[in-house]
Amino acid sequence: MSQIGIAVVSLYAVLWLSRAIYRLYLHPLSRYPGSPVAAVSTSWYEWYWNYYQNGQMIFEIERLHRIHGPVIRIGVNDLHISDPAVYQDMTRVDSGFTKDPYFYQFISFPHTSIGETDPALHRIRRKVLTPALSGTRVQELAPTIVAKTEQLMRRFDAVAVSRSTISIHAAAKAFTMDIISKIVLGQEMGCIAEPSFRNEFIDFLHAAFSVGWMAPAFPRLSSMAIAVVERTGVKIIPLALVDFKRVDFLLTTIPKCLGITERYLAKFDANHALTASIAPSLPTSSDTPGLPSRSAVIDMLMNPASAKGHTVPTISELNDELIMLLTAGNDTTSNAMVAGIHRICSDAAVRHRFVDELRTHSPAVDDPISYEMAKRLPYLNATIKEILRLAHPLPGRLPRVVPAQGYTLYGHTLEARTVIHTSAYILNRHADIFDRPDEFDPDRWLGADSARLDKHLATFNRGVRQCLGKDLAWCELLVLLANLFRRFELAPVGVGPGDMEWADLVLTV
Ligand code: HEM
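Quick caveat, the model's predicted, so the values are computed rather than measured.

Engineer: Please explain the overall build of the protein chain as it appears in this structure.
Structural biologist: The secondary structure content of the protein chain amounts to 24 helices and 9 strands. The long-range share in the protein chain, meaning contacts at least 24 apart out of those at least 6 apart in sequence, stands at 72%. Accessible surface computed for the protein chain: about 22900 Å², of which carbon and sulfur atoms make up 59%.

Laid out in structure tokens, this is it:
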């Protein structure tokens, strides 16, 4: 190496070392315990635990909390908190905490309901989408959800008659995909009718998220990779978002989604009277003769009058939102179903009470249990809450930025733009709130204390960024689990120890 080369490398080493010393001993967060590696380099810490060790950082964070208490440092500018009171404070509507743009640019598309980090723009997007997913809308959609459950039950009937087995995992994902695609695209994907419940969207999603943690670990490299792929179509490193943006994926793997959206818009554009009639109110008929079924989501997004300040998205922005909604509405609820079915089947006492309540209140097996009835069954509801407490569809860190005025944490003021992470996996098992936290015990939700526990359930997040699909998820879980367990005696086949272990790949995989 030339002398200049040696000088450059030495200078870089000195700079790197000085910065490492500053971050470890002089940085405002240096007072907090945690990982020294994380304090020096967020990237390598993230890369090691989440990419190299495949989504294990959440378990390492849990271990560090056990050693160091409620606050640990997990990055140069990042703390992780395990304290339900701090979480409540951070999720107050007026807390001023916002989503961390650095993190969300890599797990979501910009300006979508999930990815928007600007509070004012988010408020508008949320207002536009709320009517399509609100409690009232879910009530209207409930008969469709019951009908999809019935269709799925026919598949289970066939399996029971032939005394063969069925993949609960594939069945649950097909069920949620057909429902969310109908809501989002106006047309279902037809996964329940597929012989093996084929669901290309989920296959793609899991392949993409298996490399998802590369992006937050190396943000500059990731931004460059996204720019390169957008301009040339060439994928230089494995990244979930790069895969999402890949033209060949969009054209071949889920042509149905884009094709459906484009046909939908073309039909509506061709019919100006109808386009003009897309008022802020929702379509009442889902099947107007001669037209594709209506998507409340697309209708509201394409209507400039949906909310004050709303700008109609371009086709690309529209697709970004639709893909995010398909993702949010498919994998999460189905994972809760799979984990829940396994829990109920594995606990004879719970299963007995669960089935007993269903058969007592609704003995006629051929009369589907409605959403209305399911909502009224206490043990069913308590069991689902307990499933949601422990099932972890989105287990991991949801980083939030400290507002401009700073934030006082245990007497010390954190500077604006410090990032605080909390995780449902850790909060939902916090011993200050949940007695015997690792035990699956639906009865905890039937006691006098249940309202207090409810307030601390972090599964759907809280505050202005809480889940917009919570009512839909609840409806799907209630209707599916009630009808499934009332009708069938289920037993796990071929599920070995370790098969239900999960990794945090943003989504649980
Ligand atoms: C058991 C099932 C579900 C769980 C556990 C869950 C969990 C969550 C969580 C934790 C968030 C906050 C994410 C963040 O802060 O970055 C969220 C947001 C969101 N979820 Fe869900 N979700 C579920 C089902 C659904 C369904 C069925 C939909 C329907 C499309 C949906 C749509 C959304 C949307 C649009 C947001 C963004 C809300 C906003 O920021 O305003 N979710 N969800």
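Having seen the model, we can carry on.
Engineer: Mind showing me how you'd approach the coordination of the iron atom of the ligand here?
Structural biologist: Under ideal tetrahedral coordination, the four donors around a metal are separated by 109.5 degrees; under ideal octahedral coordination, the six donors are separated by 90 or 180 degrees. Among all protein atoms, only Cys-467 (SG) binds the iron atom of the ligand, sitting 2.3 Å from it. Mapping Cys-467 onto the fold places it in the loop between helix 23 (450-456) and helix 24 (470-487).

Engineer: Just checking my understanding: could you explain the nonpolar core for this structure?
Structural biologist: A general feature of soluble globular proteins is that nonpolar side chains tend to end up buried together. By size, the foremost hydrophobic cluster in this structure holds 85 residues, and its most contacted members are Leu-152, Val-297, Leu-380 and Phe-485. Of the residues forming this core, the biggest block, 13 residues, is contributed by helix 18 (residues 315-346). Ignoring anything within four residues of it in the chain, the contact list for Phe-485 reads Ile-341, Ile-344, Cys-345, Phe-354, Val-355, Leu-358, Arg-359 and Leu-490. Of all hydrophobic cores here, the second largest spans 13 residues; its members include Leu-29, Ile-81, Leu-409 and Leu-414.

Engineer: What am I meant to see in the site of the ligand here?
Structural biologist: Taken together, the neighbourhood of the ligand is formed by 27 residues, with Tyr-104, His-122, Arg-126, Arg-400 and Cys-467 sitting nearest. Between the ligand and Ser-113, the relevant distance is 3.3 Å, taken from an oxygen atom to a main-chain nitrogen or oxygen of the residue. Within the side chain of His-122, an N or O atom sits 2.6 Å from an oxygen atom of the ligand. Elements with a contribution of two residues or more to the shell around the ligand: helix 7 (119-133), helix 18 and helix 24. Ranked by residue count, the leading element in the shell around the ligand is helix 18, at 5 residues.

Engineer: For this particular structure, what's the right way to read helix 18?
Structural biologist: Since there are 3.6 residues in each turn of an α-helix, residues three or four apart along the chain are aligned in direction. Here helix 18 spans 46 Å end to end across 32 residues, near enough to the 46 Å set by a 1.5 Å rise per residue. Burial within helix 18 is extensive, with 25 of its 32 residues counted as buried.

Engineer: Would you mind showing me how to read the sheet that holds strand 7 (residues 419-421) here?
Structural biologist: Whenever strands of a sheet pair, they do so through backbone hydrogen bonds, lying parallel or antiparallel. With respect to topology, 5 strands assemble into an open sheet ordered 1-2-7-4-3, the strand pairing being mixed. Only two strands of the sheet have a single neighbouring strand rather than two, namely strand 1 (71-75) and strand 3 (98-99). Sheet topology note: the strand 1/strand 2 (residues 78-81) ladder contains 4 bridges and is antiparallel. Directly across from Ile-72, in strand 2, lies its bridge partner His-80.

Engineer: I keep staring at the packing of aromatic side chains and nothing clicks. Help me out?
Structural biologist: The description of an aromatic ring pair rests on the distance of the ring centres and on the angle between the ring planes. Under the counting rule described, the total for this entry stands at 13 aromatic pairs. Considering the side-chain rings of Phe-97 and Tyr-407, the 5.0 Å spacing of their centres and the 80 degrees angle between planes classify their relative orientation as edge-to-face. Within this pair, whereas Phe-97 is found in the loop between helix 5 (84-90) and strand 3, its partner Tyr-407 is found in strand 5 (residues 407-409), the two being separated by 310 residues in sequence. What makes Phe-97 buried here is its relative accessible area of 11%. Aromatic pair Tyr-425 and Trp-502: ring centres 5.2 Å apart, planes at 75 degrees, arrangement edge-to-face. Here Trp-502 lies in the loop between helix 24 and strand 8 (504-505) and Tyr-425 lies in helix 22 (residues 424-427), a separation of 77 residues in the sequence. In this structure, Tyr-425 and Trp-502 share a single accessibility class: buried. Grouped by ring-pair contacts, the aromatic residues Trp-44, Trp-47, Tyr-48, Trp-49, Tyr-51 and Tyr-52 constitute a single cluster. The lysine or arginine in question, Lys-375, covers the ring of Tyr-371, its NZ or CZ lying 4.4 Å from the ring centre. Across from the ring centre of Phe-434, 5.0 Å away, lies the NZ or CZ of Arg-389, which sits over that ring.

Engineer: What am I meant to see in the packing of helix 7 against helix 8 (residues 135-162) here?
Structural biologist: How two helices sit against one another is set out by the angle between their axes and by the gap between those axes. At a minimum axis separation of 5 Å, helix 7 and helix 8 run at an interaxial angle of 30 degrees. On the basis of the axis angle, helix 7 is roughly parallel to helix 8. The segment helix 7 lies against helix 8, with Pro-131, Ala-132 and Leu-133 engaging Gly-135, Arg-137 and Val-138. The class makeup of the residues in the contact of helix 7 with helix 8 is 4 nonpolar, 1 polar and 1 charged.

Engineer: Is there a simple way to explain the pairing of strand 2 in this structure?
Structural biologist: Walk down a regular strand and you will see the side chains alternate between the two sheet faces. Side chains Asp-78 and His-80 of strand 2 all project onto a buried face; the interleaved residues Leu-79 and Ile-81 project onto the opposite face, where all are buried too. The antiparallel hairpin formed by strand 1 and strand 2 contains 2 residues in its connecting segment.

Engineer: I'm lost on unusual backbone geometry in this one. Help?
Structural biologist: Note: most residues except glycine have negative phi, and most peptide bonds are trans. In this structure, Phe-197 is a non-glycine residue whose phi angle is positive, near 55 degrees. In this structure Phe-197 comes out as buried when scored by relative accessible area, which is 5%. For Arg-436, which is not a glycine, the phi torsion comes out positive at approximately 40 degrees. Relative to the assigned elements, Arg-436 resides in the loop between helix 22 and helix 23.

Engineer: In this structure, what is going on with helix 4 (residues 57-68)? I would like to understand it.
Structural biologist: With 12 residues, helix 4 extends 16 Å between its outermost C-alpha atoms, agreeing within 8% with the 16 Å of an ideal straight helix rising 1.5 Å per residue. For helix 4, the set of buried residues is Met-57, Ile-58, Glu-60, Ile-61, Glu-62, Leu-64 and His-65. The secondary structure elements touched by the buried residues of helix 4 are helix 3 (42-52), strand 1, strand 2, helix 22 and strand 8.

Engineer: I tried to follow the side chain of Ser-306 on my own but got confused; where do I start?
Structural biologist: You can see Ser-306 is positioned in the loop between helix 17 (296-301) and helix 18. Residues in contact with Ser-306, not counting those within four places in the same chain, are Val-128, Asp-299 and Met-300.

Engineer: Help me understand the environment of Leu-141 in this model?
Structural biologist: Along the chain, Leu-141 falls in helix 8. Separated by 331 residues in the primary sequence, Leu-141 and Leu-472 place their C-alpha atoms 8.8 Å from one another.

Engineer: What is the right way to read the pattern of salt bridges from this model?
Structural biologist: Opposite charge on two side chains permits pairing when their charged atoms draw close. Taken as a whole, this structure holds 26 salt bridges when the rule is applied. Within this structure, Glu-150, Arg-154, Asp-157, Asp-366 and Arg-487 form a network of salt bridges that share partners.

Engineer: Looking at this structure, how should I read the packing of helix 19 (residues 348-361) against helix 21 (residues 378-391)?
Structural biologist: Relative orientation of the contacting elements helix 19 and helix 21 amounts to 140 degrees, with a least axis distance of 8 Å. When the interaxial angle is binned, helix 19 and helix 21 end up oblique. Taken together, the residues of helix 21 that come into contact with helix 19 (itself represented by Val-350, Arg-353, Phe-354, Glu-357 and Leu-358) are Pro-378, Tyr-379, Leu-380 and Thr-383. The class makeup of the residues in the contact of helix 19 with helix 21 is 6 nonpolar, 1 polar and 2 charged.

The rules we used
- Residues numbered from 1 in each chain as written.
- Predicted model: local features only at pLDDT ≥ 70, side-chain atom pairs only at ≥ 80, totals over all residues.
- Heavy atoms only, no water.
- Helix = DSSP H or I, 4+ residues; strand = E, 2+ residues; numbered from the N terminus.
- Contact = heavy atoms within 4.5 Å.
- Areas by Shrake-Rupley, 256 points an atom, 1.4 Å probe, with all protein chains shown as cover.
- Donors = N, O, S within 2.8 Å, 3.2 Å for Na, K, Ca; no water.
- Core = buried A, V, L, I, M, F, W, Y, C linked by side-chain atoms within 4.5 Å.
- Buried < 20%, exposed > 50% of the residue type's maximum accessible area, 1.4 Å probe, protein only.
- Near = heavy atom within 4 Å.
- Polar contact = N/O pair within 3.5 Å; in protein donor to acceptor, adjacent residues only side chain to side chain.
- Expected span 1.5 Å × (residues − 1).
- Pairing = 2+ DSSP bridges.
- Phe/Tyr/Trp six-rings, centres within 6.5 Å; stacked < 30°, edge-to-face > 60°.
- Lys NZ or Arg CZ within 6 Å of the ring centre and 35° of its normal.
- Axes fitted to C-alpha atoms, helices over the stretch in contact; angles between N-to-C directions.
- Parallel < 35°, antiparallel > 145°, perpendicular 65-115°, else oblique.
- Nonpolar A, V, L, I, M, F, W, Y, C, P; charged D, E, K, R; others polar.
- Salt bridge = Lys/Arg side-chain N within 4 Å of Asp/Glu carboxyl O.

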